[in-house]
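Here's the letter readout for the chains.
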Amino acid sequence: RFLLYYMPHGVPPEHFNPQGTGSTFSLADSGESILGPLEPYKQLVNVYQGFQYPGASTHEGIVKFLSNHKGANNDDTASRTSIEHYIANELGYQALALGAVAHRPFGQDFDAKLFWDGQPVVPEKNPLKAYDEVFAGLGEGPPDTSTNDDLYQSLLSLTEAEIVGLQAEVKSLTKEHTKLQTHLESIQSLKTTGGGIISCTSAPVLDAVESLREAAAGQSDEWFLKEENFPAILAAQLEIAAASLLCNARPVVGIQPLYANCEIDFGFMGSSGAHHSVLSHTGPQIASGTANMEARAPFAKAQRWFIEQLVTHVIEKLDVDDPADPGRTVLENTTILFAREIGEGAWHLSASDEIMTGPPPGMLSYMPIVTIGGGGGALKTGQVLNYFTTKGNDREAGDIWLTLAKAMGINATEFGGATNVVAEALV
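A quick note: this is a predicted structure, and the numbers were derived from the prediction, not measured. (Residues numbered from 1 in each chain as written. Predicted model: local features only at pLDDT ≥ 70, side-chain atom pairs only at ≥ 80, totals over all residues. Heavy atoms only, no water.)

(A) Just the overall build of the protein, in detail. Assigned secondary structure in the protein consists of 10 helices and 17 strands. For the protein, buried positions account for 54% of its 427 residues. Across the protein, the fraction of contacts at a sequence separation of at least 24, relative to all contacts at a separation of at least 6, is 73%. In the form shown here, the protein has an accessible surface area of approximately 17100 Å², with 50% of it arising from carbon and sulfur atoms. (Helix = DSSP H or I, 4+ residues; strand = E, 2+ residues; numbered from the N terminus. Buried < 20%, exposed > 50% of the residue type's maximum accessible area, 1.4 Å probe, protein only. Contact = heavy atoms within 4.5 Å. Areas by Shrake-Rupley, 256 points an atom, 1.4 Å probe, with all protein chains shown as cover.)

Now the structure itself:
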């Protein structure tokens, strides 16, 4: 399984960077410790440092950083595919794209174009629609195969290439022989709408979804883009993502909380101020010759909140025995990619840089890229992987995306022009 979890507007590195190196590090000793909620799962965490988003700059990077696209900085029209859709396409699945206030009420704009599959993909903003799309009909029993059980079982074992080949062969058959074509289309549909073995026998009951169903009764789609509803919507979307992975109903999911430049006031969780122009734009400061950790504590707390939501609504629910793979947890068989369109929030970085120079010692800012989960045993985890040498010599983030594709079992040699896997992250 694969989950992309996006968080906008970067991070203050003094509250984010792990303390320590290699396999000896802490996620809970960096100021407000944005990554602190992941400390109990540290052995399944990788933190990647020394990478850049080639050609990206400021929040415009949202249209390109997950595809490793290297075109013009303001290019939001060129065809590209973001990593979660690439993985889904290669494995024959349909990616589930979810969003919590992922675009403005007047429609998807430049700052909302996170998911791409050749063209921008608008995430589903209504968790109730998403729930029905994923789980409708689950538990109603298997399809009727009594007409030709042997044929049905044989078709289930076909590969995608064999299905496409057979479809071409039966195209010219007469009408009375087209039942085979119908079977082929059904099997191909199974592959694209979920694939794998669905391990839930009934539609799951999700507390956050049920609470939202009651609150949103009779509301229009615009209700799901209102600021005051954001926390409840995100909780519901995260629970749908977790259940999709747990049931293997949608093995590839992407979640976009907020569009870039979104100004939602985060006073609801204790950090008053617009998330973009106030919280993320508070710059690093010096007090009495040292970095003032309190200056950006409100922003750090807001970004930590996103991690807390991930742990509560996804990670804890996946940390259970995998019904499809006894002996491992679902979390061990999942890769969660947690990434942002920029690095340090106030400086709007797209590459590693020293954001404070001179005394006290400078502070390095890296693109905040983290993975959680064992990738089914394909990922070597519990590491801080730092490739920074000097400014301007970062590795392209596409190396990480290619690595994750390989860990998902895709025999790829390049992604978005990136050809060098992060070998230390692969078993």
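(B) Broad picture of the pattern of salt bridges. Scanning the model with the defined rule gives 15 salt bridges in all. For Asp111, the salt bridge is made with Arg104, and the minimal N-O distance between the two is 3.7 Å. Take Asp111: its relative accessible area is 11%, and that puts it in the buried class. Residue Arg395 is joined to Asp399 by a salt bridge in which the shortest nitrogen-to-oxygen separation is 3.0 Å. What emerges from the salt-bridge pattern is a single network uniting Glu14, Arg296 and Glu344. (Salt bridge = Lys/Arg side-chain N within 4 Å of Asp/Glu carboxyl O.)

(C) Representation of the packing of aromatic side chains. If you walk through the whole model with that rule in mind, you get 17 aromatic pairs. Seen from their ring centres, Phe266 and Trp305 are 5.8 Å apart, and the 90 degrees between their planes marks the pair as edge-to-face. Taken as a pair, Phe266 in strand β8 (residues 265-266) and Trp305 in helix α9 (residues 297-318) lie far apart in primary sequence, 39 residues in all. Trp305 carries the same exposure label as Phe266, and that label is buried. An aromatic cluster is present here, built from Phe230, Phe266, Phe268, Trp305 and Phe306 joined pairwise through their rings. (Phe/Tyr/Trp six-rings, centres within 6.5 Å; stacked < 30°, edge-to-face > 60°.)

(D) Fine view of the pairing of strand β4 (residues 45-49). Among the five residues that make up β4, five are buried, leaving the element largely enclosed by the rest of the structure. Burial of the side chains of β4 extends over both faces: Val45, Val47 and Gln49 are buried on one face and Asn46 and Tyr48 on the other. Direction of pairing for β4 relative to strand β15 (residues 369-372): antiparallel, over a ladder of four bridges. Looking at β15, one finds that Tyr48 is bridged to Ile369. The pairing of β4 with strand β16 (residues 383-386) spans four bridges and is parallel. What sits directly across from Gln49, in β16, is Asn386. (Pairing = 2+ DSSP bridges.)

(E) Looking closely at the nonpolar core. Counting residues in hydrophobic clusters, the biggest one holds 71 residues, and the most contacted among them are Leu38 and Phe230. Tallying contributions element by element places helix α7 (residues 230-247) first for this core, with 12 residues. When neighbours within four sequence positions are excluded, Phe230 is seen to be in contact with Ala100, Val101, Pro257, Leu258, Ile264, Phe266, Phe268, Trp305 and Phe306. (Core = buried A, V, L, I, M, F, W, Y, C linked by side-chain atoms within 4.5 Å.)

(F) Representation of the confidence of the model for the protein within the structure. Chain-level pLDDT for the protein is 88 on average; 84% of the residues reach the 70-or-more range. Predicted confidence for residues 175-179 stays below pLDDT 50, and this span has two contacts to residues more than four positions away or in other chains. (pLDDT = per-residue confidence, 0-100.)

(G) Region of the structure containing the side chain of Ser365. For Ser365, the location among the structural elements is in strand β14 (residues 363-365). Polar side-chain contacts of Ser365 include one of 3.4 Å to the backbone nitrogen of Glu344. Apart from residues lying up to four places away in sequence, Ser365 is in contact with Pro13, Gly343, Glu344, Leu349, Ala351, Ser352, Asp353 and Ile355. (Polar contact = N/O pair within 3.5 Å; in protein donor to acceptor, adjacent residues only side chain to side chain.)

(H) Structural view of the state of the cysteines. Going through the model one piece at a time under the given rule, you end up with one disulfide. A sulfur-sulfur distance of 1.9 Å marks the disulfide that ties Cys200 to Cys247. Across the disulfide from Cys200 to Cys247, rotation about the S-S bond amounts to roughly -80 degrees, and the bridge is consequently left-handed. With Cys200 in the loop between α5 (179-193) and α6 (207-215) and Cys247 in helix α7, this residue pair connects regions lying 47 residues apart in the sequence. (Disulfide = S-S within 2.5 Å.)

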